[in-house]
Amino acid sequence: MTSTPSAASTATPPARVTVLSGGVGGARFLQGVRRLVERTGSSTEITVVANTGDDLWLHGLKVCPDLDTVMYTLGDGIDPERGWGRTDETWHAKDELAAYGVGPTWFGLGDRDLATHLVRTQMLDAGYPLSAVTEALCKRWLAPKFGDGVRLLPMSDDRIETHVVIDDPDSGERKAVHFQEYWIRHRASVPAYSVVPIGADAAKPGPGVVEAITDADVVILPPSNPVVSVGTILAVPGVRDALTSTAAPVVGVSGIVGGDHVRGMARQLLGILDVEVSAAGVAEHYGARAQEGILDGWLVDTVDAGLVERVEAAGIRCRAVPLMMTDHDATADMAAEALSLAGL
């Protein structure tokens, strides 16, 4: 078993760190990366490649949940209790839409959040690609705090929507529904049979995405959902190739602790892929770069220390460390361990 180095928490991040992120888990991990940068005084540039497979059109507006969660979280605008949406949010527009009988009622846009979607949709309608729109939005949320120190990139400018095939609880019919309907309306509680990132096979990586991976000093997969977050990013042609060819070490952080997800619905979706719901099972699913996978290293929680040897037998360096993101400093320690495991 690989031992935990005592000096890991003081590791200085390299110049260029790229993180492939979903929503809440990835965003909270990024807070830890930023805390590590601050406490070490480094001039690290962080590039976030965010999942857009959760995106949807609602009430004529383009909604990008993962992009917005990362943006609001790093920009101190997130609701800290929910982990998504704006702080001090109100819901008057949602209530008024419901009074008019305009749905869906299971997905609500908060009044403050609504402004972001209005601006995004207006810019898209004017012909700007999603990457340019995201850059413009980040001038409000990220640039004042970090300057050029944090970039947020959509995984693609092309429309990609993740759908989940389920047994509809009302009709009993097997059908594909948008991931947001599976997750928010059905709470991931109905049987699911497959996950389909519609449009991914014909999509192109967004501007700067491939370069962010190939030019990085380290690439980190945070504790985001391996199926519908990281998995959807990997479904975009060119992204996996960039990960397998980059000179940078690629290190992942398990979102499965003690045989279950910490947050979300990874347990339900991993079963669709016949992936064991364990820290080792996910590492084997990603695979070792030396064997045509994407990982050089993998962090598991201390409760899963018994799985370290199994992961290393799969050709992936592994270490057991505390993985609960209880506060920014604990998360910064996690990020430092990932860098240490990468040899940085």
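Residue numbers restart at each chain and count upward from 1, following the sequence in its written direction. The predicted origin of the model limits local features to residues at a pLDDT of at least 70 and limits the giving and counting of side-chain atom pairs to 80 or more, whereas totals for whole chains, interfaces and linings rest on all residues. Note: side-chain values were computed over all heavy atoms of the structure, leaving out hydrogens and water.

**Digging into the pairing of strand β9 (residues 218–221)**
Next, step 1: Under the scheme applied here, a residue whose accessible area is under 20% of the maximum for its type counts as buried, over 50% as exposed, and between as partly exposed, the area being computed with a 1.4 Å probe on protein chains only. Per the convention used, a helix needs a DSSP run of H or I reaching at least four residues, while a strand needs a run of E reaching at least two, with both numbered from the N terminus. Covered by surrounding structure in β9 are V218 and I220 together with V219 and L221, the residues of both alternating faces.
Next, step 2: In this description, strands pair whenever DSSP reports at least two bridges between them. As judged from the three bridges shared by strand β1 (residues 16–21) and β9, these two strands associate in the parallel manner. Following the sheet pairing, V19 is matched in β9 by I220.
Next, step 3: When β9 meets strand β10 (residues 250–253), the two strands line up parallel, connected through three bridges. Residue pairing across strands places I220 opposite V251, the latter belonging to β10.

**Things to note about the sheet that holds β10**
Next, step 1: Taking strand neighbours across the sheet as the criterion, the seven strands line up as β5-β2-β1-β9-β10-β13-β14 in an open arrangement whose pairing is parallel. Edge strands, defined here as strands with exactly one partner in the open sheet, are β5 (150–154) and β14 (317–320). Here the average twist between neighbouring strands, direction ignored, is 20 degrees.
Next, step 2: Packing of helix α12 (residues 279–286) onto the sheet brings it into contact with β9 and β13 (297–300), and relative to β13 it is tilted by some 165 degrees.
Next, step 3: By definition, residues are in contact when any of their heavy atoms lie within 4.5 Å. Only C-alpha atoms enter the line fits that serve as axes; for helices the fit covers just the stretch in contact. Angles between N-to-C directions range over 0 to 180 degrees. Across the sheet, helix α14 (residues 328–341) is in contact with β9, β10, β13 and β14; its angle to β13 comes to roughly 145 degrees.

**Re the nonpolar core**
Next, step 1: We call a set of buried residues a nonpolar core when its members are Ala, Val, Leu, Ile, Met, Phe, Trp, Tyr or Cys and they connect through side-chain atoms within 4.5 Å of each other. Ranked by size, the top nonpolar core spans 56 residues in total, and within it Y182, Y286 and W298 carry the most contacts.
Next, step 2: With five residues, α12 is the largest single contributor of residues to this core.
Next, step 3: With 44 residues, the next largest nonpolar core counts Y72, L130, W141 and L323 among its residues.

**Regarding the packing of helix α2 (residues 65–74) against helix α5 (residues 130–141)**
Next, step 1: Relative to each other, α2 and α5 sit at 20 degrees, their axes nearing to 10 Å. On the basis of their axis angle, the class for α2 and α5 is roughly parallel. Considering the relative orientation of α2 and α5, their crossing is right-handed. Contact residues: L67, M71 and Y72 in α2; L130, T134, L137, C138 and W141 in α5. For classification, angles of less than 35 degrees are called roughly parallel, those exceeding 145 degrees roughly antiparallel, those between 65 and 115 degrees roughly perpendicular, and all remaining angles oblique. Handedness of a crossing follows from how the near helix is turned relative to the far one, being left-handed for an anticlockwise turn of less than a right angle and right-handed for a clockwise one.

**Some words on the pattern of salt bridges**
Next, step 1: Each salt bridge in this description consists of a side-chain nitrogen of Lys or Arg and a carboxyl oxygen of Asp or Glu lying within 4 Å of one another. Summed over all chains, the structure comprises 20 salt bridges.
Next, step 2: A salt bridge links E38 to R35, with the shortest nitrogen-to-oxygen separation between them at 3.7 Å. Note that E38 and R35 are positioned in helix α1 (residues 24–40) at a spacing of three residues, about one turn of the helix.
Next, step 3: Take E38: its relative accessible area is 47%, and that puts it in the partly exposed class.
Next, step 4: Using a relative accessible area of 24% as the deciding quantity, one classes R35 as partly exposed.
Next, step 5: One salt bridge connects K62 with D55, and the closest N-O pair in it is separated by 3.8 Å.
Next, step 6: K62 gets classed as buried once you look at its relative accessible area, which sits at 8%.
Next, step 7: What you see here is one network of salt bridges that share partners, running through R34, R35, E38, R39, D329 and D333.

**Quick word on the side chain of D296**
Next, step 1: Its location among the elements puts D296 in the loop between α12 and β13.
Next, step 2: Side-chain polar atoms of D296 contact the side chain of R289, separated by 2.8 Å.
Next, step 3: Excluding residues that lie within four positions of it along the chain, D296 makes contacts with A248, P249, V250, R289, I316 and R317. Polar contacts, as counted here, are pairs of nitrogen or oxygen atoms within 3.5 Å of one another; within protein the pair requires one atom able to donate a hydrogen and one able to accept it, and residues that are adjacent in sequence qualify only if both atoms are side-chain atoms.

**A short note on the sheet that holds strand β6 (residues 161–167)**
Next, step 1: One open sheet holds the three strands; their spatial order is β7-β6-β8, and the pairing between them is antiparallel. Each edge of the open sheet is held by one strand with a lone partner, namely β7 (174–178) and β8 (192–198). Within this sheet the neighbouring strands show an average axis-to-axis angle of 25 degrees, counted without direction.

**Regarding the packing of aromatic side chains**
Next, step 1: Put simply, two rings from Phe, Tyr or Trp (the six-membered ring, in Trp's case) pair if the centres are within 6.5 Å, and we call them stacked under 30 degrees between planes, edge-to-face over 60, tilted for the rest. Applying the stated criterion to the full structure yields three aromatic pairs.
Next, step 2: Their ring planes at 65 degrees and their centres at 5.1 Å tell us that Y72 and W141 sit as a pair that is edge-to-face. Of the two residues, Y72 sits in helix α2 while W141 sits in helix α5, which places them 69 residues apart along the sequence.
Next, step 3: Classification of Y72 by relative accessible area gives buried; the value is 1%.
Next, step 4: For W141, a relative accessible area of 8% corresponds to the buried category.
Next, step 5: Ring geometry for W106 and F107: centres 6.1 Å apart, planes at 80 degrees, overall edge-to-face.
Next, step 6: Since its relative accessible area comes to 11%, F107 is described here as buried.
Next, step 7: A cation over an aromatic ring shows up here: R86 above the ring of Y72, its NZ or CZ 5.5 Å from the ring centre.
Next, step 8: Only when the NZ of Lys or the CZ of Arg is both within 6 Å of the ring centre and within 35 degrees of the ring normal is a charge said to sit over the ring. Just above the ring of Y193 sits the side chain of R174; from NZ or CZ to the centre is 3.5 Å.

Nothing here speaks to function; it is geometry throughout.
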